[in-house]
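So the chains spell out like this:
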Amino acid sequence: MKQKITIKTIAKELGVSTSTVSKALKDSHEISVETKKKIQAYADLYNYKPNHLALQLRNQRTKVIGVILPKIVHHFFSTVIMGIEEGANKKGYNIMVCFSNESYKKEVETLKVLSNGSVDGIIMSVASETLKNKDFNHIKELVSEEIPFVLFDRVVDEIMCDKVVVDDVGAGYKATKHLLENGRKRIALITTPNHVNVGALRRQGYEKALIEEYIKTDKSLIMEIDEKKDIKKQIEKVFEQDIDAVFAVNEIYAANSMRIAKEKGLKIPEEISIIGFTDGLISEYSSPSITTIAQHGFTMGKQAVEVLIERIENESEVYKPKKIVISSDLKLRESTKPSS
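For the structure given in this document, a descriptive report is provided here. (Residues numbered from 1 in each chain as written. Predicted model: local features only at pLDDT ≥ 70, side-chain atom pairs only at ≥ 80, totals over all residues. Heavy atoms only, no water.)

To continue, consider the environment of Ala11. Structurally, Ala11 can be placed in helix α1 (residues 7-14). Counting along the chain gives 291 residues from Ala11 to Lys302, while the straight-line C-alpha distance between them is 36 Å. Among residues more than four places away in sequence, those in contact with Ala11 are Val16, Ser17, Thr18 and Val21. (Helix = DSSP H or I, 4+ residues; strand = E, 2+ residues; numbered from the N terminus. Contact = heavy atoms within 4.5 Å.)

Time to look at the nonpolar core. Core analysis: the largest hydrophobic core is formed by 38 residues, its most contacted members being Ile190, Val246 and Phe247. Elements with a contribution of two residues or more to this core: α9 (168-181), β6 (187-191), α10 (197-212), β7 (222-224), α11 (231-238), β8 (245-248), α12 (251-263) and β9 (273-277). No other element matches the five residues that α12 contributes to this core. Each residue touching Phe247, except ones within four places of it in the same chain, is listed here: Gly172, Ala175, Thr176, Leu179, Ile187, Ala188, Leu189, Ile190, Arg202, Tyr206, Ile275 and Phe277. (Core = buried A, V, L, I, M, F, W, Y, C linked by side-chain atoms within 4.5 Å. Buried < 20%, exposed > 50% of the residue type's maximum accessible area, 1.4 Å probe, protein only.)

The next subject is the packing of aromatic side chains. Taken as a whole and assessed by the stated rule, the structure comprises four aromatic pairs. The interplanar angle of 35° and the centroid separation of 4.8 Å between the aromatic rings of Tyr42 and Tyr46 together place this pair among those described as tilted. For Tyr42, a relative accessible area of 16% gives the class buried. Classification of Tyr46 as partly exposed rests on a relative accessible area of 23%. Judged by centre distance (6.2 Å) and plane angle (75°), the ring pair of Phe77 and Phe152 falls under edge-to-face. (Phe/Tyr/Trp six-rings, centres within 6.5 Å; stacked < 30°, edge-to-face > 60°.)

Turning next to the packing of helix α2 (residues 18-25) against helix α8 (residues 137-144). Packed helix pairs are specified by the crossing angle of their axes together with the interaxial distance, meaning the distance between the axes. Two elements in contact, α2 and α8, have axes whose closest approach is 8 Å; the angle formed by their N-to-C orientations is 20°. Between α2 and α8, the crossing angle belongs to the class labelled roughly parallel. Taken as a pair, α2 and α8 cross one another with a handedness that is right-handed. Contacts from Thr18, Ser19 and Ser22 of α2 reach α8 at Lys140, Glu141 and Ser144. Taken together, the residues of the contact of α2 with α8 break down into no nonpolar, four polar and two charged. (Axes fitted to C-alpha atoms, helices over the stretch in contact; angles between N-to-C directions. Parallel < 35°, antiparallel > 145°, perpendicular 65-115°, else oblique. Left-handed = near helix turned anticlockwise from the far one by under 90°. Nonpolar A, V, L, I, M, F, W, Y, C, P; charged D, E, K, R; others polar.)

Taking every second residue as pointing to the same face, both faces of strand β3 (residues 121-124) are buried, with Gly121 and Ile123 on one and Ile122 and Met124 on the other. Note that strand β1 (residues 64-69) and β3 share four bridges and pair parallel. Counterpart to Ile65 in the pairing with β3 is Gly121. Pairing of β3 with strand β4 (residues 149-152) involves three bridges; the strand directions are parallel. Bridge assignment links Ile123 to a residue of β4, and that residue is Val150. (Pairing = 2+ DSSP bridges.)

And the structure:
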């Protein structure tokens, strides 16, 4: 008896993508005649049969949208959920929120469960571990099966799907430029590991602003935080350097930086300025309040769900992936001196 095979099996055996196999089996004009013959012959040899139950489930509307977030601790993700929910409810959809907890394995399992027909489409921000592993086959397979799918915030450029992002390079530039305009020269950057693309892009903006002022990037002033370890202790190492400002890529890092500055008896903003990212309650109610980059998570959520529902309800249209870029704003508060 020949083994039961899937699209994934055929793709692996023939050294092509799952998308190519899926299109070849549908006799798509996008695939060459030679490739189609090879794939169809292999499928016939092993008596490939599509999973009609899964297809049937997918073809029945549930009016539910799946949302996969890396974590909930950040204010940003909670505002994104609010935006998604409002946009979904207006169109008669409900949302089902799941968390990968930054785990590649959990993300794979959650995508598998949601894509079996329990939701009409999926909105996701990629887990840190997935970005670190650079293994995106589970996402590519989902896209190849033509399940409506939108990535937001943490996206993967090579995945051909709709994306909604913040202008992270521009945001990092705005924050650093503001500090430079206030006379700061030794600006520490508290960021995520470089495989987390949003942190890497904000770092690009930081370095761009420094270059414009002919200031060489000092790697001893850049701290990539490992969130599995004590965050505060890692940030304390930066304060051993001669610094006069901190740019933190989220408000948790910014709040920790402020606490350390106070413990060291530094006056804020006279002796040290601090800028965070994400305009949450921590930033607003800290003492002094923290100048921040507002990411507009609510807007991002609404944009993501609008694009997804458009895909769900217009399946017959030729699919051209969209990339929506949302600009960010600098919200001035007490932790930095106002620009002159």
